[in-house]
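Examination of the molecular architecture
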Amino acid sequence: MITNLKHKIKNNKSLFKYIMILKNQKHRFTLKGRLNKNITGKGNEIISNQTTEFQNVKIRIKGNNNKIIIDDYCRFSNVTFFIQGDSNTIKISSNVSFKRGGSIWIEDCNCLIEIKSHTTFENVHLAATEPNSKIIIGKNCMFAYDIDLRTGDSHSIIDTITNKRINYAKDIQIADHVWLAAHCTILKGVSIAENSIVATGSIVTSSFKKEGVIIGGNPAKEIKENINWNRERIYDH
């Protein structure tokens, strides 16, 4: 009898589709249950769907009209989303994953952190601080662990002659298909071109416009050109 019922349901496309929707809604509730949310203010939105997977994720928002937008098939494990201020946006495209933790951090107003599709992270701290600053990360990038990207210094440095601040925030731009190895720091105003690699332990203080280079050191400099990289291990036979 049960077998006949299953057969009838599968043959009834409308009924089968409705049951699958209910199943996905239940699955979405289970995943959402792994979110620890603390949100104060007005007009704040978290937009995701049943294909997003959360495990031990915290969301902290204090302010107004902030948005977290997450596209399909993303995965977050031990990640903290933090927004303090107004009209900020975290936008994450499809198939992005944070595998081993990390934090996505915004302070002040009108900031943006955007991560494009198929980019992966082990454990990374992304911080957009000060009004209107941005971090943009391209498609199919690969970030290892203990990596820090920050648009600002969080505190002021004053020129004692002019009595003016000299360290305002600047945007960070990581192009498509860039590999950042472990223990890297990317500071304000840096852009890195496509198909590049940032070597382990590098501190990047200036931009690299040439595509397909390895950069490394403190401060980072170009150490090899005409390269590309692949996620897979390739063996010569």
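Residues numbered from 1 in each chain as written. Predicted model: local features only at pLDDT ≥ 70, side-chain atom pairs only at ≥ 80, totals over all residues. Heavy atoms only, no water.

Side note on the overall build of the chain
- Secondary structure summary: the chain contains two helices and 24 strands in total.
- Taking all 237 residues of the chain together, 41% fall into the buried category.
- Contacts in the chain between residues at least 24 apart in sequence constitute 20% of all its contacts with a sequence separation of at least 6.
- By element, 50% of the accessible surface of the chain is carried by carbon and sulfur atoms, the whole surface being about 13800 Å². (Helix = DSSP H or I, 4+ residues; strand = E, 2+ residues; numbered from the N terminus. Buried < 20%, exposed > 50% of the residue type's maximum accessible area, 1.4 Å probe, protein only. Contact = heavy atoms within 4.5 Å. Areas by Shrake-Rupley, 256 points an atom, 1.4 Å probe, with all protein chains shown as cover.)

Details of the pairing of strand β7 (residues 79-84)
- Where strand β4 (residues 57-62) meets β7, five bridges bridge the pair, whose relative direction is parallel. Note that in β7 the partner of K58 across the bridge is T80.
- In terms of strand pairing, β7 meets strand β10 (residues 102-107) through six bridges, oriented parallel. Residue pairing across strands places Q84 opposite E107, the latter belonging to β10. (Pairing = 2+ DSSP bridges.)

Topic: the pattern of salt bridges
- Under the counting rule described, the total for this entry stands at eight salt bridges.
- For R75, the salt bridge identified is with E53, shortest N-O distance 3.8 Å. With R75 in strand β6 (residues 75-77) and E53 in strand β3 (residues 53-55), this pair connects stretches of sequence that are 22 residues apart.
- E53 gets classed as partly exposed once you look at its relative accessible area, which sits at 34%.
- Between D153 and K188 there is a salt bridge, and its shortest N-O distance comes to 2.9 Å. One end of the pair, D153, is in the loop between β14 (142-150) and β15 (158-159); the other, K188, is in the loop between β19 (185-186) and β20 (191-192), and 35 residues separate them in sequence.
- Classification of K188 by relative accessible area gives partly exposed; the value is 23%.
- Through salt bridges with shared partners, one network takes in K210, E222 and E225. (Salt bridge = Lys/Arg side-chain N within 4 Å of Asp/Glu carboxyl O.)

Notes on the environment of I90
- Along the polypeptide, I90 turns up in strand β8 (residues 89-92).
- Each C-alpha atom, one on I90 and one on K67, is 6.3 Å from the other, the two residues being 23 residues apart in sequence.
- If we skip the residues at most four places from it in the chain, I90 touches K67, I68, I69, F81, I83, I104, I106 and I113.

Describing unusual backbone geometry
- In the segment running from N218 into P219, the intervening peptide bond is cis, with an omega of -5°.
- For P219, the position within the fold is in the loop between β23 (214-217) and β24 (220-224).
- Backbone geometry at N140 places phi at a positive 50°, although glycine is not the residue there.
- Structurally, the position occupied by N140 is in the loop between β13 (134-137) and β14.
- The class of N140 is partly exposed, set by a relative accessible area of 30%.

Describing the confidence of the model for the chain
- Within the chain, residue pLDDT values average 90, and 86% of them lie at 70 or more.
- Throughout residues 16-33 the model reports pLDDT below 50, and contacts reaching past four residues in sequence, or to other chains, amount to 13 contacts. (pLDDT = per-residue confidence, 0-100.)

Side note on the nonpolar core
- In terms of nonpolar packing, the biggest core is built from 47 residues, with F76, F81, I92, L126, I137 and L149 touching the most fellow members.
- Not counting residues up to four positions away in its chain, the partners in contact with I92 are I69, I70, D71, C74, F76, F81, I104 and I115.
- Listed in part, the five residues of the second largest apolar core include M142, I214, I227 and W229. (Core = buried A, V, L, I, M, F, W, Y, C linked by side-chain atoms within 4.5 Å.)

Some remarks on the pairing of strand β12 (residues 120-129)
- Of all 10 residues in β12, eight are buried; the element is thus mostly enclosed.
- Pairing of strand β9 (residues 97-98) with β12 involves two bridges; the strand directions are parallel. Bridge pairing in β12 places S97 opposite T120.
- Pairing between β10 and β12: six bridges, direction parallel. In the strand pairing of β12, W105 is matched with A127.

Considering the packing of aromatic side chains
- Under the counting rule described, the total for this entry stands at seven aromatic pairs.
- Relative to W105, the ring of F82 lies with its centre 3.9 Å away and its plane at 20°, an arrangement referred to as stacked. With F82 in strand β7 and W105 in strand β10, this pair connects stretches of sequence that are 23 residues apart.
- Accessibility expressed as a relative area gives 17% for F82, which makes it buried.
- Judged by relative accessible area, W105 falls into the partly exposed class, the value being 27%. (Phe/Tyr/Trp six-rings, centres within 6.5 Å; stacked < 30°, edge-to-face > 60°.)

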